[in-house]
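This is what each chain is made of:
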Amino acid sequence: MTRTAKTYSVLTSNPKGHYKNITVRSGDEASVTVRVHRFAVVGKGDQIRFGASGSDKVFVAAKEEDGPDIPLTPLFAVDDSVSIGKERFDVRIREINSESDMRALEFLEQFHYKTNNSLGEKTPDDESAKTTTSAGGRRAVLYASIKIGERWLPAGYVELQMPLMMCKPRHELFNHPFDHPARDIRWERWDQHAMKDYLNTIVRIGRIVISPELRGLGLTRRIIKAAKNFSAERWHIGGMRPIFMEISAEMLSHIDFVTSSGFKFIGRTEGNITRVLKDMQSMARDPSGDFGMMSLQRKYFRALEDYCKTLQISFEEGLEALKRKIELNQDALTTGEWAVLRSVIRNPIPYFLCPLDDYTATYMRAALKSRPKAETATTNQFEFSARSTQINIDALSIRAAYRVPETRSTKIIMDAFGLKGDTVYADIVQNVSVKASNGNIIFVVGTSGSGKSVFLNALDPEKTLDGNLTVKRAGSLTHSAGWLRPLRDDIPIFEALAEKFTPEKAFVALSRVGLSEALAFIKPFWMLSRGQQYRAMIAELLLRDEEVWLLDEFCSDLDPITAKIVAHNLRKQVIATGRIAFIAAANHTHYLDALRPTKVLMLRSGDEPAWLSYKEYQNEFLDQVG
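The notes below deal with the structure included here.

Cut-offs used in this document
Residues numbered from 1 in each chain as written. Predicted model: local features only at pLDDT ≥ 70, side-chain atom pairs only at ≥ 80, totals over all residues. Heavy atoms only, no water. Helix = DSSP H or I, 4+ residues; strand = E, 2+ residues; numbered from the N terminus. Buried < 20%, exposed > 50% of the residue type's maximum accessible area, 1.4 Å probe, protein only. Contact = heavy atoms within 4.5 Å. Areas by Shrake-Rupley, 256 points an atom, 1.4 Å probe, with all protein chains shown as cover. Axes fitted to C-alpha atoms, helices over the stretch in contact; angles between N-to-C directions. Parallel < 35°, antiparallel > 145°, perpendicular 65-115°, else oblique. Nonpolar A, V, L, I, M, F, W, Y, C, P; charged D, E, K, R; others polar. Pairing = 2+ DSSP bridges. Right-handed = clockwise from strand over helix to strand, strands pointing away. Polar contact = N/O pair within 3.5 Å; in protein donor to acceptor, adjacent residues only side chain to side chain. Core = buried A, V, L, I, M, F, W, Y, C linked by side-chain atoms within 4.5 Å. Salt bridge = Lys/Arg side-chain N within 4 Å of Asp/Glu carboxyl O. Expected span 1.5 Å × (residues − 1). Phe/Tyr/Trp six-rings, centres within 6.5 Å; stacked < 30°, edge-to-face > 60°. Lys NZ or Arg CZ within 6 Å of the ring centre and 35° of its normal.

1. Points about the overall build of the chain
Turning to step 1, where the next piece is worked out: Check the secondary structure of the chain and you find 18 helices and 25 strands.
Turning to step 2, where the next piece is worked out: When burial is assessed residue by residue, the chain has 47% of its 626 residues classed as buried.
Turning to step 3, where the next piece is worked out: Taking contacts inside the chain between residues at least 6 apart in sequence as the whole, the part at least 24 apart equals 69%.
Turning to step 4, where the next piece is worked out: Carbon and sulfur atoms make up 49% of the accessible area of the chain, which totals about 31,600 Å².

Written out as structure tokens, the structure reads:
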């Protein structure tokens, strides 16, 4: 884009549905209205230029004298893909540009706790409870869709925002000389002057949302990658493009979903507890004074007043009690105290930063290395593992016996067909030798009645088989066995796991199986989708210490895509934790490539079983079915 092109000043910016109108004017000429996509990074005060006649290109003029102009149109879009097993799914990440895109965004927003209407005090038909896509300040949204079959379905989105004004970890990191070799950006210290000039070289990830049923596919990394490319190319404030990307969130205390995308932990924000307590003390002394965030602080002041009246204590006594408990441990707060504080208190949270070019990456490495006693990330890190286990069983056979009753009906059948004897025998499993070690996945297949469930039961040392079944084997069972089982359905699933295994371990286990949605955590088991229920049950298996997992009728009631994702996540956890998994199912062709078992055991009624490698089974059976 040549600098000789005419420049237009943006006078107004008015969003409407999936687009917005900007009014622009050049010098004394009459103003004109230009339509751009809904979250195009342009607003009042920006300078824009148009491409050559007949071109659909629009640029924002760069603030830096020698800097390239910033593309505004055409639409930013990137193509990517994710794979599960042998199946590849196309992923498209782009800016919002249609009514259907807006509907998809509204659909996805329900899965973010801040825009979800299912949690709150308002009734479902309350108009004020409807999801809104409005937000203050500059904002950009990239929407991801995934192609499943012939349809493009909403997969997730990322929202980019203006940076935090004050952030202690960032201030400490940037308090080193910076001199970008290719950009007009330099400072000796990160003081007020540097902040004023260069704060806008940072772009913030305000939120990132993935559709719950698609978690575990690696979509977060792909969306963040697109957001980084978009930011380096198109995000700007006043024509200044960013060189850093930041993110801070309480969830990062429990689940680190950004380090794999190049983010570095810098420290924890200060929060506002000290300031809020100080403001409340000042307001108690002078209720009519001016204390900054008036509406927010006065709302808190009134809530605390009501709380103190309920307890029949003075405001000063209530404030002092809260102060002591907060300084001691916020877990000491009662439900009422927590309700008073939750709407205004911001706790310290992890802050991560990512470089957007080579120089900033080098700068960050040096700055992080030079910090004395640098704070380390406190993200929960638990390794779930099983003790070394070997299964070595020879000649496992299971026979069923049934004594035929002497009734008139049975005598008719016996006489009609010339049958003799008084007991019916059936060899359910014949002469199976089983050898498995840590990290193995044994898939058991066979038609209904071939003995899959009975075989799994015979591998559990704690199971008592039906009295009509006789089990013979050479070798003992020294392992402990774990089965999928429903969680308690009268309390939130997170509480059900946290009570047994601690909240920290529950967070990690749920995230490992792709169930990291805040609202799912506070739902009881019965409110979850079937796919989410499977994830929750696998998380509980992770938290328990059995060495061998026995899973019957695996994914039998899940749709093909969800079954693939669940199987993919299960495989990762079996290998990572060193379990041995025996998995049985009759219908499995749609997900077995995602599970990729070590061995396949084929049980056949009335015949000896057959052992196959996964590749052999795939070549001889799966490919024929497909």
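From this point, the narrative continues.
2. Thoughts on the packing of helix α15 (residues 530-543) against helix α16 (residues 560-577)
Turning to step 1, where the next piece is worked out: Axis separation between α15 and α16 bottoms out at 10 Å; the angle between their running directions is 10°. Between α15 and α16, the crossing angle belongs to the class labelled roughly parallel. Packed against α15, whose contacting residues are Gly531, Tyr534, Arg535, Ile538 and Leu542, the element α16 presents Thr562, Ile565, Val566, Leu570, Gln573 and Thr577 at the interface.
Turning to step 2, where the next piece is worked out: Per-class residue counts for the contact of α15 with α16 are 6 nonpolar, 4 polar and 1 charged.

3. A word on the sheet that holds strand β18 (residues 423-437)
Turning to step 1, where the next piece is worked out: An order of β18-β17-β20 is seen for the 3 strands of this open sheet, with the pairing classed as antiparallel. With partners counted over all chains shown, the strands left at the sheet margins are β18 and β20 (469-474), one partner each. Neighbouring strand axes in the sheet, compared pairwise and without regard to direction, differ in orientation by 15° on average.

4. Regarding unusual backbone geometry
Turning to step 1, where the next piece is worked out: The amide bond that connects threonine 73 to the next residue, proline 74, takes the cis arrangement and shows omega of 0°.
Turning to step 2, where the next piece is worked out: Position of proline 74 relative to the elements: it lies in the loop between β6 (70-73) and β7 (77-84).
Turning to step 3, where the next piece is worked out: Unlike most non-glycine residues, asparagine 431 shows phi in positive territory, near 50°.
Turning to step 4, where the next piece is worked out: Among the residues examined, asparagine 431 registers a relative accessible area of 41% and is labelled partly exposed.

5. Focus on the pairing of strand β14 (residues 244-248)
Turning to step 1, where the next piece is worked out: A large share of β14 lies buried, amounting to 5 of its 5 residues.
Turning to step 2, where the next piece is worked out: Of the two faces of β14, the one holding Phe244, Glu246 and Ser248 and the one holding Met245 and Ile247 are both buried throughout.
Turning to step 3, where the next piece is worked out: Across 3 bridges, the pairing between strand β13 (residues 202-210) and β14 is parallel. Each residue of the ladder has a partner; that of arginine 204, found in β14, is glutamate 246.
Turning to step 4, where the next piece is worked out: Remark: the β13/helix α4 (residues 219-233)/β14 crossover connection has right-handed handedness.
Turning to step 5, where the next piece is worked out: In the sheet, β14 pairs with strand β16 (residues 350-355) via 5 bridges, with the strands oriented antiparallel. Residue pairing across strands places isoleucine 247 opposite phenylalanine 352, the latter belonging to β16.

6. Thoughts on the side chain of arginine 204
Turning to step 1, where the next piece is worked out: Locating arginine 204 in the fold gives a position in strand β13.
Turning to step 2, where the next piece is worked out: A residue is classified by how much of its surface remains accessible, and arginine 204, at 11% relative accessible area, is buried.
Turning to step 3, where the next piece is worked out: In terms of polar contacts, arginine 204 uses its side chain to reach the side chain of serine 248, at 3.0 Å.
Turning to step 4, where the next piece is worked out: Excluding its chain neighbours within four sequence positions, the residues that come into contact with arginine 204 are Glu159, Leu160, Gln161, Met162, Pro163, Leu164, Glu246 and Ser248.

7. Regarding the sheet that holds strand β9 (residues 139-148)
Turning to step 1, where the next piece is worked out: Taken in spatial order, the 8 strands line up as β7-β8-β9-β10-β13-β14-β16-β15 in an open sheet, and their pairing is mixed. The outermost strands of the open sheet, each flanked by one partner alone, are β7 and β15 (264-268). Each strand of the sheet is rotated relative to its neighbour by a mean of 30°, with strand direction disregarded.
Turning to step 2, where the next piece is worked out: Pairing of β9 with strand β10 (residues 151-161) involves 10 bridges; the strand directions are antiparallel. Within the sheet, the bridge partner assigned to leucine 142 lies in β10 and is valine 158.
Turning to step 3, where the next piece is worked out: Contacting β8 (87-95), β9, β10 and β13, helix α1 (residues 99-109) runs over the sheet at an angle of about 75° to β10.

8. So, the pairing of strand β3 (residues 32-37)
Turning to step 1, where the next piece is worked out: Pairing of strand β2 (residues 19-25) with β3 involves 6 bridges; the strand directions are antiparallel. Considered in β3, the bridge of valine 24 is made with valine 32.

9. Some words on the nonpolar core
Turning to step 1, where the next piece is worked out: Ranked by internal contacts, the top residues of the largest apolar core, which has 94 residues, are Leu160, Met245, Phe263, Phe443, Phe554, Leu570 and Ile583.
Turning to step 2, where the next piece is worked out: Looking at this core, the element that brings in the most residues is α15, giving 8 residues.
Turning to step 3, where the next piece is worked out: In contact with isoleucine 583, other than residues within four places in its own chain, are Ile441, Ile442, Phe443, Val444, Leu551, Phe554, Leu570 and Leu595.
Turning to step 4, where the next piece is worked out: By size, the runner-up hydrophobic cluster in this structure holds 25 residues, among which are Phe455, Trp483, Val548 and Phe582.

10. Looking at the pattern of salt bridges
Turning to step 1, where the next piece is worked out: Summed over the entire model, instances satisfying the criterion amount to 30 salt bridges.
Turning to step 2, where the next piece is worked out: Aspartate 490 is the partner of arginine 488 in a salt bridge, and the nearest nitrogen-oxygen pair spans 2.9 Å.
Turning to step 3, where the next piece is worked out: We classify aspartate 490 as exposed; its relative accessible area is 54%.

11. Looking at α15
Turning to step 1, where the next piece is worked out: Between its terminal C-alpha atoms α15 stretches 20 Å, which fits the 20 Å expected from 14 residues at 1.5 Å a residue.
Turning to step 2, where the next piece is worked out: In terms of burial, α15 is largely enclosed, as 13 of its 14 residues are buried.

12. Overview of the packing of aromatic side chains
Turning to step 1, where the next piece is worked out: Applying the stated rule across the entire model yields 22 aromatic pairs.
Turning to step 2, where the next piece is worked out: With centroids separated by 5.4 Å and ring planes inclined at 75°, the aromatic side chains of phenylalanine 507 and phenylalanine 521 adopt a geometry described as edge-to-face. With phenylalanine 507 in helix α13 (residues 503-512) and phenylalanine 521 in helix α14 (residues 518-521), this residue pair connects regions lying 14 residues apart in the sequence.
Turning to step 3, where the next piece is worked out: Of the residues examined, phenylalanine 507 reaches a relative accessible area of 12% and is grouped as buried.
Turning to step 4, where the next piece is worked out: You can call phenylalanine 521 buried: its relative accessible area is 6%.
Turning to step 5, where the next piece is worked out: An aromatic cluster is defined as three or more aromatic residues linked by ring pairs; in this entry it consists of Phe174, Phe178, Trp187, Trp190, Tyr198, Phe244, Tyr359 and Tyr363.
Turning to step 6, where the next piece is worked out: Cation over ring: arginine 35 sits above tyrosine 19, and NZ or CZ is 3.5 Å from the ring centre.
Turning to step 7, where the next piece is worked out: A cation over an aromatic ring shows up here: arginine 92 above the ring of tryptophan 152, its NZ or CZ 4.0 Å from the ring centre.

13. Structural notes on the side chain of arginine 139
Turning to step 1, where the next piece is worked out: The topology assignment puts arginine 139 in strand β9.
Turning to step 2, where the next piece is worked out: A distance of 2.9 Å separates the side chain of arginine 139 from the side chain of glutamate 159, its partner in a polar contact.

14. A closer look at the environment of serine 385
Turning to step 1, where the next piece is worked out: Looking at the element boundaries, serine 385 is found in the loop between α9 (358-370) and β17 (390-403).
Turning to step 2, where the next piece is worked out: Discounting residues that sit within four places of it in the chain, serine 385 has contacts with Thr577 and Arg579.

15. A few points about the environment of alanine 40
Turning to step 1, where the next piece is worked out: For alanine 40, the location among the structural elements is in the loop between β3 and β4 (47-50).
Turning to step 2, where the next piece is worked out: The spacing of alanine 40 and asparagine 97 is 57 residues in sequence and 9.5 Å in space, taken between C-alpha atoms.
Turning to step 3, where the next piece is worked out: For alanine 40, the contacting residues outside a window of four places in its chain are Lys20, Leu72 and Glu95.

16. Observations concerning helix α12 (residues 493-501)
Turning to step 1, where the next piece is worked out: Those residues of α12 lying buried are Ile493, Phe494, Ala496, Leu497, Ala498 and Phe501.
Turning to step 2, where the next piece is worked out: Buried residues along α12 sit against α13, α14 and α15.
Turning to step 3, where the next piece is worked out: Of the residues one or two after α12, threonine 502 is the one with positive phi, at around 85°.

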